[in-house]
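# Report on the structure
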Amino acid sequence: MADPKPKAPSAAAPPSSPSPAAPPAPPGPPSGPAGAPLPEDAAAAASSSAPSPLPSVSPSPPSESKTPSEPTSSALEDPDGPSPALRAPITPPEFDPLDPTPPPLRPPFHDTSAPREREPRFTLSDEDVEAQRAWMEERYARRLRGEYESMGRRVNEVIQDSLDKPLNLSAIRLVGSPHTRTSFLSGLFAPYLSSPTPQTLSTILRSTKDLHAKLQSFDLYSSLDLSLEDAASVLARPGDVDLVVHVREKGRVWARSSTDVGNGEGSASASVRLRNVFGGAETLEFNASYGTRTRSAVQARLASPLPAPVWTPDPRTTVDLAVFQADRDHGAYAGYHELLKGGKARLVTQKEWGTHEFAYETVWRHISNLSPNASLSIRAAAGHSLKSALSHTFTRDTRDDAHLSTRGHYVKLFTRAQEYAGLGGTVSFLKSELESQISRPVSSPSSGSFFSLATRLGALAPLGPSASNPSALFPDRFRLGGPTSLRMFGTSRVGPRDGEDHLGGELYYALGLSLFTPFPRRREWKLRPHFFVNAGQLVSLSNPNPLRALARPSISAGAGLMYRFDPVRVELNFGVPLAAARSDVWGRGVQENSKGEKCGMVKNDKTGNEANRAMDKGVLPHRGGLPPSPTLPESQISGRSNS
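Basis of the calculations
- Residues numbered from 1 in each chain as written.
- Predicted model: local features only at pLDDT ≥ 70, side-chain atom pairs only at ≥ 80, totals over all residues.
- Heavy atoms only, no water.
- Helix = DSSP H or I, 4+ residues; strand = E, 2+ residues; numbered from the N terminus.
- Buried < 20%, exposed > 50% of the residue type's maximum accessible area, 1.4 Å probe, protein only.
- Contact = heavy atoms within 4.5 Å.
- Areas by Shrake-Rupley, 256 points an atom, 1.4 Å probe, with all protein chains shown as cover.
- Pairing = 2+ DSSP bridges.
- Salt bridge = Lys/Arg side-chain N within 4 Å of Asp/Glu carboxyl O.
- Expected span 1.5 Å × (residues − 1).
- Patch = residues over 30% accessible without salt bridge, like charges linked within 9 Å, V, L, I, M, F, W, Y side chains within 5 Å.
- 1 Å grid on protein atoms, 1.4 Å probe; cavity = no way out; pocket = protein on both sides within 12 Å on 5 of 7 lines; lining within 4 Å.
- Points joined across faces, edges and corners; volume = space filled by probe spheres on them.
- Axes fitted to C-alpha atoms, helices over the stretch in contact; angles between N-to-C directions.
- Parallel < 35°, antiparallel > 145°, perpendicular 65-115°, else oblique.
- Left-handed = near helix turned anticlockwise from the far one by under 90°.
- Nonpolar A, V, L, I, M, F, W, Y, C, P; charged D, E, K, R; others polar.
- Polar contact = N/O pair within 3.5 Å; in protein donor to acceptor, adjacent residues only side chain to side chain.
- pLDDT = per-residue confidence, 0-100.

On to the overall build of the chain, then. Of the regular secondary structure elements, the chain holds seven helices and 24 strands. Of all 643 residues assigned to the chain, the portion counted as buried reaches 33%. Across the chain, contacts joining residues at least 24 apart in sequence account for 59% of those joining residues at least 6 apart. Carbon and sulfur atoms make up 58% of the accessible area of the chain, which amounts to about 38,300 Å² in all.

If you want it as structure tokens, here you go:
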């Protein structure tokens, strides 16, 4: 006997108005046709074989029309006859997490979108249009940057995989330089084309980098573009490549005019420079200047790398020839004018440890236009003299800034040997000079405070006939004093003196210790306060005891403001001299760098025991410090502004 099918529970609803469906009856034991319970074994079989109970249904309003997706009541009718309770549409079932079928979407839908990549919301307002445009441009630039970076990484991978590939650099071609000589280029490219060892892509790339740096240092081209291409020669072998250099030449004419104020002198100058004059990176330069002390100066100079037959063209090794003429007025410290005419040849080579300069100079000097009250020493030195000199200069500079260094050191050794046998000349001497500077931060580089210690030493020894005629060496003596050597003293007005004329000396030294610090909470300012102490002395070999005179230096101290003007440094100082010799011209107060300095000056008018005591001490005796100037009231002493 077949098991009767269970009937689904039904819920009655009034046909006039729809109402929510009644909750389904709780499941119970299956029953027979007449509602009687089945036996236990039959009930178990019926519960295992019967389909899952139908979901709850609710009647639809009469006005709704059936859609094709809605199940009809005929599909769920009992075989015995249709059931009025099953004619309503079926409500979607609840979501079952174990059912792989996604649940249906039921409107209304809410806006859950978010701007991707910070995309601004777009409306028709001008602000939103501008924001959208900026966002698109930034996104496009970011995409391009990413593509460039990926391409760069890809190229780098290809190069790294091919560094050991055997190649041969067969030719170097320069494109875009019609004014450069072929002989100059042949000498420049020869070391890269005649390699004694087998070449690879790695060695060729290193040669390309070195050649690029060398061409840039000649200062001939405004742009350089180097590329490797297949060899263009019909005789090329497999693995041969050409290095093609595309260049754009700079303008061949350069001109400049300037005004200079510093070291007690003002001047105006003009310069004209011609590049690549003869096609071998030569430079021809003309200079002319007019000023307060150097009345006129004219110079023509030709500089060139060593030519190819002598040396491989290299911008670090140059030779230059110069002719010059200058008319100088030394009336600020001695009553005479000096006219110079001469020529100079130099060979300059730069190495990793420093720069060497070898020079030969011949100069005709004429001392004339003596002032009416010129001393006998100046009158003895007047006239003509010819100097013919060989010199060598070594310079090493590791400072981070030439005018305001915070670390590093600077050393310059200058040695000049004056020759007259075989070279001509009327004077002969040996002159040596040393300059050095060291800078260190006070506590740490970030503090902005640092100190600088500078020293200068010099000695001049007469040779031959010049030893018996010291006045012949008057133009070659050292000068000391002024803002660049000994602050608060007159420019070139320290040391031996005859009347109002300062004669210079053969031995000197100068020391300077400076402390620079930024303003509080204004570390970015270029204006800085500084404090200084200077000491130095200049003596003549005619002094009976020059070492004793050197042991009594002239000293000054003070404070000031410093401003960094590229490429010079400007100072405004206020200081006082602490010790001075009888012949020194000094000043207290603000120091200004101008002609006709208003500095305190004490004449050599002491007699008797007081003068003897002053000479023994090397310092002017005066109660309460240095005496004021007898010719200028102390209120009128205003000094110099440095540059």
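With 13 bridges joining them, strand β8 (residues 317–329) and strand β9 (residues 337–351) adopt antiparallel strand pairing. Residue T317 lies in a different strand from β9, and its bridge partner there is T349. Note: β9 against strand β10 (residues 354–368), 15 bridges, orientation antiparallel. Across the sheet, R346 pairs through a bridge with A359, a residue of β10. Hairpin connection, β9 to β10: the antiparallel pair is bridged by two residues.

What follows is about the pattern of salt bridges. Pairing between side chains of opposite charge can happen when the charged atoms of each approach one another. Counted according to the given criterion, the structure contains 21 salt bridges. E285 is the salt-bridge partner of R273, the closest N and O atoms lying 3.8 Å from each other. Taken together, the residues span a long stretch of sequence, with R273 in strand β5 (residues 265–275) and E285 in strand β6 (residues 283–291) at a distance of twelve residues. Residue E506 is joined to R477 by a salt bridge in which the shortest nitrogen-to-oxygen separation is 3.1 Å. Of this pair, E506 sits in the loop between β16 (501–502) and β17 (507–516) while R477 sits in the loop between β14 (450–462) and β15 (497–498), placing them 29 residues apart in sequence. For R477, a relative accessible area of 14% corresponds to the buried category. One network of salt bridges, with partners in common, ties together E130, R133 and E137.

Moving on to helix α3 (residues 182–193). Taking 1.5 Å of rise per residue, the twelve residues of α3 would be expected to cover 16 Å, and the 15 Å separating its terminal C-alpha atoms lies within 8% of that figure. Inspection of α3 places F184, L185, G187, L188, F189 and Y192 among the buried residues, and these make up the whole buried set. If you follow the buried residues of α3, they end up packed against β1 (168–175) and α4 (201–217).

Between its terminal C-alpha atoms α4 stretches 25 Å, which fits the 24 Å expected from 17 residues at 1.5 Å a residue. Buried within α4 we find L201, S202, I204, T208, L211, K214 and L215. Just downstream of α4, D219 is the residue with a positive phi angle, here 60°.

A cluster of nonpolar side chains, I438, V442, F451, L453, L513, L515, F531 and V533, forms an exposed patch at the surface whose accessible area comes to about 630 Å². Elements with a contribution of two residues or more to the nonpolar patch: β14, β17 and β18 (527–539). Topologically, L453 is positioned in strand β14. Using a relative accessible area of 36% as the deciding quantity, one classes L453 as partly exposed.

Attention now moves to empty space enclosed by the protein. Within this structure, the stated rule accounts for one cavity of 30 Å³ or more. In this structure, the largest cavity encloses a volume near 60 Å³. Lining the largest cavity, in full, are H179, L220, E249, K250, G251, R252, R275 and N276.

Below, the discussion takes up unusual backbone geometry. In this structure, D219 is a non-glycine residue whose phi angle is positive, near 60°. Note that D219 resides in the loop between α4 and β2 (221–230). The residue A281 is not glycine, and still its phi comes out positive at about 65°. The exposure class of A281 is buried, given its relative accessible area of 9%.

Next up on the list: the packing of α3 against α4. Viewed as axis vectors pointing N to C, α3 and α4 meet at an angle of 160°, and their least axial separation amounts to 11 Å. By the angle between their directions, the pair α3 and α4 is classed as roughly antiparallel. Crossing of α3 against α4: the hand is right-handed. Contact residues: L188, F189 and Y192 in α3; S207, D210, L211, K214 and L215 in α4. Of the residues belonging to the contact of α3 with α4, the class tally is five nonpolar, one polar and two charged.

Structurally, the position occupied by S556 is in strand β19 (residues 554–565). The sequence separation of S556 and V533 amounts to 23 residues, and the corresponding C-alpha distance is 5.9 Å. Once you skip the residues sitting within four places of it in the chain, S556 turns out to touch R487, M488, F489, F532, V533, N534, V576, P577 and L578. Within polar-contact distance, the side chain of S556 engages the backbone oxygen of R487 at 2.8 Å.

This next bit is on the sheet that holds β2. Pairing is mixed in the open sheet, where three strands are placed in the order β1-β3-β2. Each having just a single partner strand, β1 and β2 make up the two edges of the open sheet. Sheet twist, expressed as the mean angle between neighbouring strand axes with direction ignored, is 20°. Sheet analysis places β1 next to strand β3 (residues 240–249), joined by seven bridges and oriented parallel. Looking at the pairing, L169 lines up with V241 of β3. Contacts from α4 reach β1, β2 and β3 within the one sheet, and its direction differs from that of β2 by about 160°.

A few words now on the confidence of the model for the chain. Scored by pLDDT, the chain comes out at a mean of 76, with 71% of its residues at no less than 70. Counting contacts from residues 1–79, a segment whose pLDDT is below 50, to residues more than four positions away or on other chains yields 44 contacts. For the stretch residues 593–643, pLDDT sits under 50, and the model shows 112 contacts to residues farther than four places along the chain or on other chains.

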